[in-house]
Every structure is written in C-alpha cells, then in structure tokens.
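Descriptive analysis of the structure
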Amino acid sequence: MTLPSLLLALLLPAASLAAPAEGPLQVPSPDWRDQVVYFLLTDRFMNGDPRNDDQGHGDFKPTDANFYSGGDFAGLLSKLDYIRGLGATAVWLTPPVANVWWDSSLKMSGYHGYWAVDFKATDRHLGTLEDYRRLSRELHRRGMYLVQDIVGNHTADFFYYEGTYDPADPAKGFRLKEGMFPPRPAQPPFSHNDLRDPAQRAAGAYHWTPDIQDYNDEGQRLHHQMSGLDDLNTSDPRVREALRDAYGFWIATAGVDGFRIDTAHFAEHDFWKDLLHSTSPAAPGIDPFARALGKKDFMTFGEVWVNGDPFSDKGERAAVEYLGTQSSPEMRAVLNFPLAMELRAVFAKGAPPARLRYRLENLKRFFAEGSTSVNFIDNHDMARFLAEGTEGGFVQALTALLTLPGLPVVYAGTEQAFTETRGAMFAGGYGSGGKDRFDPTHPLYLLLRELTDLRRREPVFRRGTLVPLYGASAGPGPFAYRLDAGKDRALVLFNTADEEVLLARLETGLPEGTPLDALFARGFAEKRLRLAEGGRLSLRMPARSVLVLKGAGTGGAAAPSSARIDVTGFTGLPTFSAKTSVEGTSRGVAKVSVVVDGRLARALPAKMLGGGRWRATLDPALLPDGEHSLLAVDADAPERAPSEEHAFKVSVPFTLVKEITDPVGDDHGPAGTYRYPLAQGFEGRADLEKLSLYRRGPGAKLVLKLADGVTSGWNPAFGFDHVCFDVYVGFPESVIGRPGATRLPRLNAGAPAGFSWHYAAFLGGWKAALYDSAGAGDAAFGPQVQPAPKVSTDKAAGTVSVLFDLDAFKGVPSFDGARFYLTTWDYDGMEGTLRPLAPQAGDYVFGGGKPGDPRIMDDALLAP
C-alpha cells in the first residue's frame, strides 16, 4: 500500500472513500495568484443551527463581545453563494477546533478558535466533523477552496505565575487556573500541563514561562507566553509529531486546501520547517502530506505581525524570514503587515503616499514581486478601516488591494461597511444591530464585485510586474503605480487628499501618445486619456479620486506644447527656514502660479516681471517640517504645461509657548476612588505629570509626560500601551465661527466649566484619529477628519508627543488662542472600546466606580 493510500485508510471514515454527489472532498491545488480570499470568524458569520448555540457552561451570550454568538458551519454553508457573488474564490475561517468555553479569570469564552483544548476535534458550537466536511465539499463544488486557520505556538490559558518568576525553579509560583471549562487540554501531550506533577513535567509539552514583557527580546518572544496563552515547547519531538498529526488530519479528513498559520513569529524557524516539511513516516509534514493527496501547491501563509516604521524595511525583513530559502523552505507566503499598515496610514489617516510607494518597492524586493505576499487591509485583531477612515479612503484602499500583486484577503463585513472589529453578520449575533447584514446591493458589496471582476478579467493585476511610479512626500496627494504583463500595461492612480490636486508630468514609462482606457474610475468622467511628450501624464485629480487605466494600443507622437514654464535657481535639495523667492521663466503663458505639494487650491500667485520672467514668495513656516515639492503652472490651465517638479525641505523650529504641571498621584478619578485594572502593566500608567505646548507656523505639538513613564508590553505601533488619551481642542468662537461642544463622547462626563471643544483626538497605542464636534454626543464623536495627528513616544523620557497639522482643522487660520483639555483612561485596542468601570476592579476592568460614572483617571487643562 502506498503512503497516500495508507494515510487515507487510517484517517478517512470508510463512507468518505466513495465520491459524494454534492462535491469532491479532495481537489487539486489552484494557482493561488488567481484567488481572492474571504476571511471570516465562524462564530460571528451566520447561525445555521441554533441547536448547537448553548453548550450549557455560560458560554453563549450573543449580546456580549466575549462569548459565543452562534455562528457555525451550517450557517457558513448557507451563505457560500453570497461569498461567491462577491467574487471571492476561497474561504479562510478561524480555527474550527475545540476551544475553551469558559475562562474563569478573563470571564470570556474561546468563541474565536485560538484557545485550543483539542487540535483534532471540532468545537461543538460550530458543528460536527461531518458538517465541516460538507462545507468543504460544497466549496469545492462551486470551484472554491477552504483555508483553515491553525495554531502551533500555544494552547489556551490554563496556567499562570504568581509573584516573581524564577527560571531556575519554574515550579515556584506556578498556578493552574481554577474554574476553567474544560479544565485542561484534552489530547496528549498537551493535556500534561501541571508542572508540579513530575510525570507531567517530564512530558515536556510546555516552556513553563510567564508572559512576554519585551517583544524585542528573542528569548521571550520564542519561549514565553503571548498574552498569557500557554506556550508550547515546539522543540520537543513529541509536540512536533502531535501537531503534524493533527494538521494532517484536517487535510485528509476535511479536504482543507491551505492553512493560515497563527502567531508564526512566536515559534522558532526549525519548528516551522519540521511542521511543514518533515518526512517522518509516522506523521509527515504538511507539504509532503498534502502532495500525497494531490495538492501540489497547498497554501501555507503565516502571521508575522511586526510593526514597521515609515521608510524602514524591518517589518519586511522579519516577515520573509519565515519563507525560508530554496534549500530550506518554510511557508509559501506571509501576511504582509507592513503593507497593510501603510495602506491604512495613507488611505485612512492622511499619511504621505511616499510611504506607500516605499512599501511597494519592498513588495517587489522582498516578496518575489508580490507572489509570496498575502495582502489585506484589516482583520479580526485590529480596528476596522472604517473605524479610522472614510468610505472614500476605503474605496481607494480596496482598489489598491485588488490591483496589486499578491493574494488579496477581504475580511467579512468589509462589504457591508462594518466598523465593529468582530461584529456578527447575522441578526442574532453580537454587534449586528438586530439584523442580518448580507445585503448584495450594498454599495461596498457592489464595489468589491466590480473590483474582483476587474482582477479576474485582467491578468495584468494578477500576474503583472509592479512598477511604483510616484507618491507625494509631504502629505495626502497623488499616488501612482504601473503593472506590466507581456504587452499589457496598466496604470493605477489615486488622489488621497480631500481636495483637488495636480498630478504633473508623471513619468509613466510608456510611449508618448499611448491611448489609455479607463477600466475603473471614481471621481473621473474621462473614458480615455492620451500620454503627452515623453510618455508623461499631467492630470487634475478630484478629491479622493481613483483611476485605473489600461494601454489601448499605440499612438503617434504627441503634439509639442506651445507653452513652457521653468523654475530657475533650484539646485540639489535646498532647506528653507525663512521666506524665500521662487523665480522662473515662461513662454506662451499669461499668468503663472506656484503649486506646492500639488495643492491647486493653495497655489501661490506669481508676479509677472516682464521678459518672460516671474517671481513668487514661499513662506516655509506655513508648511510642516520635512520634504516638499513645488512646480510652476499656467494659472488658468494647470495641467497644460507644468514645469519640472522640484523638491525642497522645510525646517522651522518649534517654540515652547506653554507648559503646565499636574499633581503626581491624582490618577484615581474625579472623586479619588478609582482603581486600575488588576492585570500586569496598568498600575500608575494614566498619571499625567506635565503638558507642554510647542508652536511653529501652522503646526502645534503637545508633549505629554507620564509620571510613571510608558510601557510597551503589548508591542504597540505607537510605542505605548495600558493607557489612552482624549485630547479636546477648543478655539475662540470668533475665530472658528461656531460654538463648541461641552459633552465628552464615551467618557460619561462633561467638559470643565468654561471650556468647549471643536475637535477631539483619540490617541491609543495602535490608533490616532481626529474628530469634529459636529454631531458629537455622549456615545460618539463627530465625523473623522484628516490628516490624523502624528504620534511618537520617547520611552526613556516617559513622554508621548502629538503633532497636529492645521490642514485637518478646516477653516481655522492658526492655533492662536486654542485650548487643550486632556483625559486618560484605557481601551481595547482591537474593538476601540473604552474599558469598563465597575465597583470592583478586574483584570481588564477599572474599579471603584459605577458603569455610568466618568471614565477619567486623570485630566489636565492647558490654556495658553
């Protein structure tokens, strides 16, 4: 008997050996370049069988985000046509394995699938193994594929350490959590989890370590517990064999076509090589096992969540390590977190598109032209895009997602404009608003169907070579890239600004005169464009516009322009800190303007000096520090004959204008009764010590000093955690022309006497957003505005700096007279909800108050 036959005989129920009428269980691997993945959290997708909802252990509570809502395999099966109609060809679902139903300390269930108790059994809330197999067959019948989320790094949280951890005596302070259900993992060797029992300790299934405190410490990252989850000893041969056996089981028994690999960054490379490529006869690795079943390109892609700084390739370098090498391979692909974060920063938060252009260069350089990159915009572990950005920005981000090389992933609810990270799609589930959310006429559903159809119809977006072309460097503005596949050429253009901009003399790399047909457009009426001399393209781009173009044959030489404008005197990359003159020459132009950073509405008028010369004045104090660009244009037709673009830098020092100190130790709420959450890292974290306001030109920088410094134990993107800030900004009514608000959204509180606000910034370790007061109330801020504040942390100094860009404060000429009111609390970085307040503190609950009391630990008012 051959290896495949033997494996099938051992693992498949006898009845499954006959081909079922409803669809095959096993199908060959697809070309993954042609797929679009729809990712969903099974419990929150659709409830098809209410009989499995409540398993009788306090696990089912669909009104609470922390419990099972009722979604299951049967519900997912009933909505496959809805998913297929969107244009998705594969479904990635969260781990379907048996999970903890009640965590006694966290007061929540493992509805999400990542708290395993048995890696070879389905969770009864989701359905039976046969239900899962039926789902697989139905996907395959539709020409779709099944991707299962798997965990190799940890089980659920069954044990913890009390007091100081002693690595020389790991049994010291070791405690098993009481009241858990199930009380321990079900399968060996993972069931041997009591370190105090010599026999169980000898089983060697765990690292017996406390929580990670420093994610930059490789030893902690690989061997300590991530978020308290019991860290498996992945170097132990018994652990490795058990996991290979478990995941081979799902391929053989359920016909799974690919695995998404959770927490890949938290286990050693040798373990992943073993799990994926071992040739052990007893339990082969995933890749050879799948090949034996005819799946020659079984997909494996890993989660390597590394925060990447702008213009740094640290994140990409960390991620691609998990691809291995040709001689020593690991995963086939990885989730591209650096790209995802930049897509959000540029399209949701107003960051300069130059940052995204840099990421696209890295996509080519590190990810084999994109073929090993799994691309996404949001997921179940982060705030939704629409919780941080606008729908106009979302349309742009989705366009990029579906026109870039790589495997695109759409998170369930995206097509229904979800703002809840883990909200349910069905009426009975958490956060659904009491209605099913499967509307195939929703504008975002129709948009995604249009974009997935474009990707399917035009191979250049699936197989093309990426050529990044342009990204504005100073703030929101033009962004462009090209894709080449054989004779096919496509251009993808965006304006990420909320105002009209000029894309000038874009070097497309295509022959001049080339006609370009619009395949997809938002904000443009043009159906065809033609490239000018040298294959350049100059175009006025409406606010938040998108244009996807494809070359439509060849064109003749472009007619030379009768107008010409030049900027003179620019050499190198000059730095300006005071007013300066910009001069040049023109021909055939009656009136010249100087456009800075493409912003047409803010063009600087030039004085015509005669003899074809002109001069304009540039005030760098009106621009943020950093790199900018300028060009001269015909004031009446800016796109007709723009000059060459010239880069320059601005450096204008900040000046301290106001500083206040706040009493240390007053971080216990309005009445002094509040207590911090009990989990490690919270105590003292919200105590303000000093607020400093700096000014320069249109900008304002607020520096917050914390009395007990900052922590970063959860590896936050902005460098601080266990605290969040609300910063309310009020302007003189005579300046802004409208009254401010006095209620503080979500804080159950009003503003201090005599203070009202017009804008509010919410600042957390993973989120920075700015909101208008218009329409704000007790429950929510007003509309979000851009660009978002820039946040940075100096851990050594214990400070968080917040840089405000006046561009976000529409109609406000300066920060003169502005007042700042700041409050501290903490939030759930995933859902973006503030942590609750109760009479008694809990692990993640503030104590000493009632739920309706003000959610303010400390506050301070800075009034220049």
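As a reminder, the structure under discussion sits directly above these lines.
A short tour of the structure in this document, coming up. (Residues numbered from 1 in each chain as written. Predicted model: local features only at pLDDT ≥ 70, side-chain atom pairs only at ≥ 80, totals over all residues. Heavy atoms only, no water.)

Attention now moves to the overall build of the chain. Counting secondary structure elements, the chain contains 16 helices and 42 strands. Since a compact globule built from 864 residues should have a radius of gyration of about 29 Å, the 29 Å found for the chain is in line with a globular shape. Taken along the three principal axes of its C-alpha coordinates, the chain extends 90 × 70 × 50 Å. Buried positions account for 59% of the 864 residues belonging to the chain. The long-range share in the chain, meaning contacts at least 24 apart out of those at least 6 apart in sequence, stands at 70%. Here the chain holds 91 positive side-chain charges and 106 negative ones, and the gap between their average locations is 6 Å. (Helix = DSSP H or I, 4+ residues; strand = E, 2+ residues; numbered from the N terminus. Rg over C-alpha atoms; globule rule 2.2 N^0.38 Å. Buried < 20%, exposed > 50% of the residue type's maximum accessible area, 1.4 Å probe, protein only. Contact = heavy atoms within 4.5 Å. Lys, Arg positive; Asp, Glu negative; His and termini not counted. Charge placed at Lys NZ, Arg CZ, Asp CG, Glu CD.)

Counting 133 residues, the largest nonpolar core has Tyr38, Phe45, Ile83, Tyr247, Phe347 and Tyr481 as the members making the most contacts within it. No other element matches the 10 residues that helix α7 (residues 237–254) contributes to this core. Within the second largest apolar cluster, 63 residues are counted, among which are Ile660, Ala700, Leu702 and Val727. (Core = buried A, V, L, I, M, F, W, Y, C linked by side-chain atoms within 4.5 Å.)

Another point: helix α11 (residues 337–349). The element α11 is largely enclosed, with a buried count of 12 among its 13 residues. Within the sequence span of α11, burial applies to Phe337, Pro338, Leu339, Ala340, Glu342, Leu343, Arg344, Ala345, Val346, Phe347, Ala348 and Lys349. With a side-chain oxygen positioned 3.0 Å from the backbone nitrogen of Leu339, the residue opening α11 is Asn336. Positive phi shows up at Gly350, right after α11, with a value of about 80 degrees. (Polar contact = N/O pair within 3.5 Å; in protein donor to acceptor, adjacent residues only side chain to side chain.)

This part is about the packing of aromatic side chains. By the definition in use, this model includes 59 aromatic pairs. Arranged with centres 6.2 Å apart and planes meeting at 70 degrees, the rings of Phe119 and Tyr247 form a pair that is edge-to-face. One end of the pair, Phe119, is in strand β4 (residues 116–122); the other, Tyr247, is in helix α7, with 128 residues separating them in the sequence. Across the pair, Tyr247 and Phe119 agree in class, each one buried. (Phe/Tyr/Trp six-rings, centres within 6.5 Å; stacked < 30°, edge-to-face > 60°.)

To continue, consider the side chain of Asp262. Within the secondary structure layout, Asp262 lies in strand β8 (residues 258–262). On the basis of relative accessibility, which here comes to 5%, the residue Asp262 falls in the buried class. A distance of 3.1 Å separates polar atoms of two side chains, one belonging to Asp262 and the other to Thr263. Excluding residues that lie within four positions of it along the chain, Asp262 makes contacts with Tyr114, Asp149, Ile150, Val151, His154, Trp272 and Glu303.

In spatial order, the strands read β13-β14-β15-β20-β17-β18; together these six strands make up an open sheet with antiparallel pairing. Each of the sheet's edge strands pairs with one partner strand only, and the pair in question is β13 (465–471) and β18 (528–530). Averaged over all pairs of adjacent strands, the angle between strand axes in this sheet comes to 25 degrees, irrespective of strand direction. Relative to β18, strand β17 (residues 515–522) runs antiparallel, the two being bridged by three bridges. Each residue of the ladder has a partner; that of Asp517, found in β18, is Arg528. Contacts from helix α12 (residues 353–366) reach β13 and β14 (478–485) within the one sheet, and its direction differs from that of β13 by about 160 degrees. Strand contacts of helix α13 (residues 391–403): β14, β15 (488–495), β17 and β20 (546–551), with the helix running at about 160 degrees to β15, the strand carrying the most contacts. (Pairing = 2+ DSSP bridges. Axes fitted to C-alpha atoms, helices over the stretch in contact; angles between N-to-C directions.)

The N-to-C vectors of helix α4 (residues 129–141) and α7 enclose an angle of 65 degrees; their axes lie 9 Å apart at closest approach. Only Phe249, Trp250, Thr253 and Ala254 of α7 make contact with α4, whose side of the interface consists of Leu129, Tyr132, Arg133 and Ser136. Within the contact of α4 with α7, the residues separate by chemical class into five nonpolar, two polar and one charged. (Nonpolar A, V, L, I, M, F, W, Y, C, P; charged D, E, K, R; others polar.)

A separate point is the environment of Gly113. Turning to its location among the elements, Gly113 is positioned in the loop between β3 (97–99) and β4. For Gly113, a relative accessible area of 4% gives the class buried. In this view, Gly113 contacts Pro95, Val97 and Asn99; residues no more than four positions away in its chain are not counted.

Let's shift gears to the environment of Gly302. Here Gly302 is to be found in strand β9 (residues 299–302). Relative accessible area serves as the criterion here: at 0%, Gly302 is assigned to the buried category. Between the C-alpha atoms of Gly302 and Ile150, which are 152 residues apart in sequence, the distance is 9.7 Å. Residue contacts for Gly302: discarding those within four places in its chain leaves Ile261, Ala264, Met331, Ala333, Val334 and Leu335.

As a further point, take the environment of Val410. Relative to the assigned elements, Val410 resides in strand β12 (residues 407–411). The sequence separation of Val410 and Arg196 amounts to 214 residues, and the corresponding C-alpha distance is 45 Å. Once residues lying within four places of it in the same chain are set aside, the contact partners of Val410 are Val37, Tyr38, Phe39, Leu401 and Leu448.

Turning our attention to the sheet that holds strand β27 (residues 613–618). To summarise the sheet geometry, strands pair through backbone hydrogen bonds and adopt either a parallel or an antiparallel arrangement. In space, the four strands of this open sheet follow the order β21-β23-β27-β26, with antiparallel pairing throughout. Sheet topology places β21 (564–568) and β26 (607–610) at the edges, where each strand pairs with a single neighbour. Put simply, the sheet's adjacent strands are angled 30 degrees from each other on average, direction ignored. Direction of pairing for β26 relative to β27: antiparallel, over a ladder of three bridges. Each residue of the ladder has a partner; that of Lys607, found in β27, is Arg615.

This paragraph deals with the side chain of Glu415. Locating Glu415 in the fold gives a position in the loop between β12 and α14 (443–457). In this structure, Glu415 is buried with no salt-bridge partner, the nearest side chain bearing the opposite charge being Arg384 at 6.5 Å. In terms of polar contacts, Glu415 uses its side chain to reach the side chain of Tyr82, at 2.6 Å. Glu415 has contacts with Tyr38, Tyr82, Leu86, Met425, His442, Leu444, Tyr445 and Leu448, leaving out every residue within four places of it along the chain. (Salt bridge = Lys/Arg side-chain N within 4 Å of Asp/Glu carboxyl O.)

With that settled, consider the pairing of strand β5 (residues 145–151). With respect to burial, β5 is a largely interior element, seven of its seven residues being buried. Residues Tyr145, Val147, Asp149 and Val151 point to one face of β5 and Leu146, Gln148 and Ile150 to the other, with burial holding for every one of them. Where strand β2 (residues 90–93) and β5 come together, four bridges link them in parallel fashion. Paired with Val91 across the strands is Leu146, a residue of β5. Taken together, the five bridges between β5 and β8 define a ladder with parallel strand orientation.

Counted according to the given criterion, the structure contains 65 salt bridges. A salt bridge links Arg602 to Glu499; the shortest N-O distance between them is 2.8 Å. Separated by 103 residues along the polypeptide, Arg602 in the loop between β24 (592–596) and β25 (604–605) and Glu499 in the loop between β15 and β16 (501–507) bring together distant segments of the chain. The exposure class of Glu499 is buried, given its relative accessible area of 16%. Salt-bridge contacts for Asp772 lead to Arg738; the nearest nitrogen and oxygen are separated by 3.2 Å. Note that Asp772 is positioned in strand β37 (residues 768–772) and Arg738 in the loop between α16 (733–736) and β34 (743–744), a separation of 34 residues in sequence. Residue Asp772 is classed as buried on the basis of its relative accessible area of 11%.

On to unusual backbone geometry, then. That bond from Phe181 to Pro182 is cis: its omega, -10 degrees, falls within 30 degrees of zero. Its place among the elements puts Pro182 in the loop between β7 (174–176) and α5 (198–202). Look at the link from Pro188 to Pro189: it is a cis peptide, with omega at 0 degrees. Inspection of the secondary structure assignment puts Pro189 in the loop between β7 and α5.

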